[in-house]
Amino acid sequence: MTNLLLDLPPLSAARFASIEDRVARLLGTGQDVVITQGEALLPLEGAIRATAGPGTTALNVITGPYGQTFGDWLRDCGATVVDLAVPFHTAVTAAQVRDAFAEHPEIDFVSLVHAEAATGNTNPVAAIGEVVREHGALFYLDAVASVGAEPVLPDAWGVDLCVIGAQKAMGGPAGVSAVSVSERAWARMAANPNAPRRSYLSLLDWKERWIDGGRKTLLHAPAQLEMLALEACVERIEAEGLETVMRRHASAAAATRAGAVALGGVTPYVRDAGDAAPVATTLRVPSGTTASELVARALAADPGVPLAAGGGQLAREMIRVNHYGAEATRGAVRGCLTALGAALADAGVSVDLPGALAAAERAWG
C-alpha cells in the first residue's frame, strides 16, 4: 500500500538550506536563520538559555501568558529579571520600556512578545526596538503569532533573536519553527558557559556544525514531513504575496471587531483597536454568562468555526476568534458571528445578528 506521506526520499541538506533561505526572505533578514525541528517553544526556550545566565539583567515584558513563561525561564537560568507587566487588555509602550531602562540601567537583555494570540494584543516592536538599540541591550522577540499577520522585520527593528512558528497566520505546520540570530546574539551565546551544548535546545550546535560548516551536513535526520509542509506553506505565501496575506488578517480583525460590537452582548477584550492583534480577536462575555459555555454552544451549532475560550482563568470571561491562516476570510468571520450570536441568544442575551454581519462586511475593506 502506498501513501503520499510515506516512503519519501531523505530530505537533503541542500533542500533544508533552501527552505531556510526562503524563510529568511519572508522575514527580510540578512541574519542567520535556523529552522529548528520542533514546535516554537523549542527555539523560544533555547534562545533564552543560550544568551542569559548569572550576570544577565533582563527586562521581561509581560502582556500575556508567554511573557510570564519567559520570565520563569530567565530566572531558571540565573538571570536577574525586571518584569514590566501591563494589563492584558492593552499593549506596552516604548515610553514604558524607556522608563524601565532609566530605573535599571544595568539591563542588557529584553524579552518581548510581538502579538499575544492568547489575549489578542500586539506590541509596537518598531518603536520599542529603537529604545532597545539606544540602550544597547540584546533584543529577543517572540513573533510566532504575528508573522504573516503583520510586519515582522528583525533587521529593521534591531531584533537579535526573532522566533517564528508557521502554525498560526502562516497557515503552516506546528512541528517546525525558526529563529533569526544576529552576530551579537551568536557572540553572547559563545561567551555564555551555560549555553546548551550537544543538546536539542542548543542553537550553538546548529551554528558550529551546520552554518559554519557551509550547511552541508545536517545535525540529525530532519522532521521531513514538517519541513516539506513548511516549504509548501512559504510557497503559498509567496504566490499570494505577503502583503496580501497580511491585509486579509487585518481585514478579518477589523470585521470581527466591528461585527462583535454591533452584535451586542460581547465587547472587545483589548479596549483600544490600535492595540489589537490582527491574528486573533478576543471578546469579553456579558455578566451572567461563561465564555467556555458560550463557546461550547457555538461549536455545537457549527463545529467548524474558529472559536475558543480563553485559557486558565480567562475561560470564564474571554472568547477568542482565531481568524488566522486559512480562517482569515469573510466566511470564517461571518460563521463566528453567526454561531456566537446564536449562543448568546440561547443564553438569553439580546443580539442583532443582521446588524453584526452588515457591520463586519463594511469593515472588511
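Residues numbered from 1 in each chain as written. Predicted model: local features only at pLDDT ≥ 70, side-chain atom pairs only at ≥ 80, totals over all residues. Heavy atoms only, no water.

(A) Focus on the overall build of the chain. Scanning the chain from N- to C-terminus turns up 13 helices and 13 strands. Its C-alpha atoms give the chain a radius of gyration of 21 Å, within 12% of the compact-globule value 21 Å for 365 residues. Its C-alpha atoms give the chain principal-axis dimensions of about 65 × 60 × 30 Å. Burial status across the chain gives 56% buried among its 365 residues. Taken as a whole, the chain presents about 14600 Å² of accessible surface, with 54% of it coming from carbon and sulfur. (Helix = DSSP H or I, 4+ residues; strand = E, 2+ residues; numbered from the N terminus. Rg over C-alpha atoms; globule rule 2.2 N^0.38 Å. Buried < 20%, exposed > 50% of the residue type's maximum accessible area, 1.4 Å probe, protein only. Areas by Shrake-Rupley, 256 points an atom, 1.4 Å probe, with all protein chains shown as cover.)

(B) Local environment of the sheet that holds strand β4 (residues 109–113). Taking strand neighbours across the sheet as the criterion, the seven strands line up as β1-β9-β8-β7-β4-β2-β3 in an open arrangement whose pairing is mixed. Since the sheet does not close on itself, it has two edges, and those belong to β1 (32–36) and β3 (80–85), each with one partner. Strand-to-strand, the axes of this sheet are offset by a mean angle of 15°, without reference to chain direction. In the sheet, β4 pairs with strand β7 (residues 138–142) via five bridges, with the strands oriented parallel. Residue pairing for β7: F109 is matched across the bridge by L138. On the sheet, helix α3 (residues 65–76) packs against β2 (57–62), β3, β4 and β7 and is oriented at approximately 160° with respect to β2. Across the sheet, helix α8 (residues 203–211) touches β1 and β9 (177–181), and the angle it forms with β1 is around 110°. (Pairing = 2+ DSSP bridges. Axes fitted to C-alpha atoms, helices over the stretch in contact; angles between N-to-C directions. Contact = heavy atoms within 4.5 Å.)

(C) Quick peek at helix α1 (residues 13–27). Counted at 1.5 Å a residue, the expected span for α1 with its 15 residues is 21 Å, and the 21 Å between its end C-alpha atoms agrees. By the burial criterion, the buried members of α1 are A13, F16, A17, I19, E20, R22, V23, A24, L26 and L27. Phi turns positive, to about 60°, at G28, one or two residues after α1. (Expected span 1.5 Å × (residues − 1).)

(D) Expanded view of the side chain of E20. In this fold, E20 is placed in helix α1. Judged by its relative accessible area of 1%, E20 falls in the buried class. Among the polar contacts listed, one links the side chain of E20 to the side chain of W210, at a separation of 3.1 Å. Non-local contacts of E20, meaning those with residues more than four positions away in its chain, are made with V33, V34, I35, W210 and R215. (Polar contact = N/O pair within 3.5 Å; in protein donor to acceptor, adjacent residues only side chain to side chain.)

(E) Local environment of unusual backbone geometry. Its identity is not glycine, yet D7 carries a phi of approximately 60°, on the positive side. Relative to the helices and strands, D7 resides in the segment before α1. The residue R215 is not glycine, and still its phi comes out positive at about 55°. Tracing the chain through its elements places R215 in the loop between α8 and α9 (224–240).

(F) Layout of the environment of T281. Residue placement: T281 occurs in strand β11 (residues 281–284). Discounting chain neighbours no more than four positions away, the residues touching T281 are A253, T256, I319, R320, V321 and H323. Reaching out from T281, the side chain makes a polar contact with the side chain of H323 at a distance of 2.7 Å.

(G) Region of the structure containing the pattern of salt bridges. Per the stated rule, a full pass over the model turns up 18 salt bridges. As a salt-bridge pair, R98 and E134 come within 2.8 Å of each other at their nearest N and O atoms. You can see R98 sitting in helix α4 (residues 94–103) and its partner E134 sitting in helix α5 (residues 125–135), a full 36 residues away along the chain. Of the charged contacts, one joins E361 and R330 as a salt bridge, the two residues approaching to 3.1 Å between their closest N and O atoms. Taken together, the positions of E361 in helix α13 (residues 353–364) and R330 in helix α12 (residues 330–346) put the pair 31 residues apart, joining distant regions of the chain. Through salt bridges that share partners, R197, R198, D205 and E208 make up one connected network. (Salt bridge = Lys/Arg side-chain N within 4 Å of Asp/Glu carboxyl O.)

(H) Summary view of the pairing of strand β13 (residues 318–321). Residues M318 and R320 line one face of β13 and the alternating positions I319 and V321 line the opposite face, and both faces are buried. Sheet topology note: the β11/β13 ladder contains four bridges and is antiparallel. Bridge assignment links R284 to a residue of β13, and that residue is M318. Two strands pair when backbone bridges link them, and strand β12 (residues 307–309) and β13 are joined in this way by three bridges, in the antiparallel orientation. Among the inter-strand pairings, A308 is bridged to a residue of β13, identified as R320.

(I) Representation of the sheet that holds β13 in the model. Spatially, the four strands line up as an open sheet ordered β10-β11-β13-β12, and their pairing is antiparallel. Of all strands in the sheet, those with a lone pairing partner are β10 (267–268) and β12, marking the two edges. Running at roughly 155° to β12, helix α11 (residues 291–301) makes contact with β12 and β13 of the sheet.

(J) Spatial organisation of the side chain of R49. Following the sequence through the fold, R49 ends up in helix α2 (residues 41–51). We classify R49 as buried; its relative accessible area is 18%. Only 2.7 Å separates the side chain of R49 from the side chain of E45, close enough to count as a polar contact. Every residue in contact with R49, bar those within four places of it in the chain, is listed here: W73, D76, C77, N192, N194, A195, P196 and L201.

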